[in-house]
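# Secondary and tertiary structure notes
Listed below, chain by chain, are the residues.
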Amino acid sequence: MDSSIIADRRRLRRKLGFWRLIAVALIVALGFAFYRFALVDDDELLERLKKVETSDQVKAAVISISSPGGTTYGGEKIFKAIRAISAKKPVVSDVRTLAASAGYMIATAGDTIIAGDSSITGSIGVIFQYPQIQPLLDKIGVSLQEIKSSPLKAEPSPFHEASEEAKTMIRNMVVDSYNWFVDLVADRRKLPRDEVLKLADGTIYTGRQALKVKLVDAIGGEAEIRAYLTSRGVDSDLPMVDWDKKSNTPFLLAGAVSRLITIFGYDDLMKTQDINGILPPKLLLDGLLSVWQVGHD
């Protein structure tokens, strides 16, 4: 066989290995991102809320929310932190572009909820999602074997279809969390549980729609916020100080994939490939357990 053909085949084999590695690295990086951001609490935000609670200089708090939600537990911790502030000073939940799912849960922690006409809110419910990557692994020639102590250990798995027993287990967990969420909304909004159940089918509402079904208290912005705080005895001339986070350190998958590729010895091929061009530029997670990337209002 001609030496040039052999060399071409070797280069092709190496490129195929490179793209297989890209796929595996993406899976690893996505898994790392999930555990890093979906399971780790936002300690910086909780500490900031604690400072608002304990500061004698803060006479009231306006919680501005632009979030599609996140984990139920993550929303629960922020909800409780805001309720701790409310026990000492007035709190307004300012619903901006989006406050859905756990974002709406957080909004209910305020003493009153003010939204824009076109704000998006609601989506009361709980969802549990898991990927199925076995077809991808089959295509790139990777298999995974497992030995476990019991059938429901580490279920549902992304490496095979979930059994009916595993689906029942997850469904029971979702229903229990959903009932907790419904009860919380019923209590905070002073609505009958049956009425909340009709609203808690995952439907999203504009601010105008949410006002009609009593999920928010008023439509407006700063003027309405100040009017409410004045009714609670807060000086109308009191300046508003922004206690927003000052720095942002997003986890970019491209960096993690690049490091993995270098570790596996494909750094020479990396020099001819633009990894940032391979991955979508918005494939990152930032903020509080974001479900998807949301633009700033």
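Residues numbered from 1 in each chain as written. Predicted model: local features only at pLDDT ≥ 70, side-chain atom pairs only at ≥ 80, totals over all residues. Heavy atoms only, no water.

## Some words on the pattern of salt bridges
Two side chains with opposite charge may pair up if their charged atoms get near one another. Evaluation of the coordinates by the stated rule reveals 13 salt bridges. With a closest N to O distance of 2.8 Å, Arg48 and Glu44 form a salt bridge. With Arg48 and Glu44 both in helix H2 (residues 43-54), this residue pair falls 4 residues apart, about one helical turn. The class of Glu44 is partly exposed, set by a relative accessible area of 29%. Measuring nitrogen to oxygen at the nearest pair gives 3.6 Å for the salt bridge that ties Lys148 to Glu146. For Lys148, a relative accessible area of 30% gives the class partly exposed. Here the salt bridges share partners, and the residues they tie into one network are Lys50, Glu53 and Lys88. (Salt bridge = Lys/Arg side-chain N within 4 Å of Asp/Glu carboxyl O. Helix = DSSP H or I, 4+ residues; strand = E, 2+ residues; numbered from the N terminus. Buried < 20%, exposed > 50% of the residue type's maximum accessible area, 1.4 Å probe, protein only.)

## Digging into the confidence of the model for the protein chain
Looking at the protein chain as a whole, the pLDDT averages 77, with 68% of positions reaching at least 70. Every residue in residues 27-40 is under pLDDT 50, and counting partners more than four places away or in other chains gives 22 contacts. (pLDDT = per-residue confidence, 0-100. Contact = heavy atoms within 4.5 Å.)

## Focus: helix H6 (residues 164-189)
Compared with the 38 Å implied by 1.5 Å per residue over 26 residues, the 37 Å span of H6 between its first and last C-alpha is a close match. Inspection of H6 places Ala166, Ile170, Val174, Tyr178, Phe181, Val182, Leu184, Val185, Ala186, Arg188 and Arg189 among the buried residues, and these make up the whole buried set. Residues of H6 that are buried sit in contact with helix H3 (72-86), helix H4 (102-107), strand S3 (112-115) and helix H7 (193-199). (Expected span 1.5 Å × (residues − 1).)

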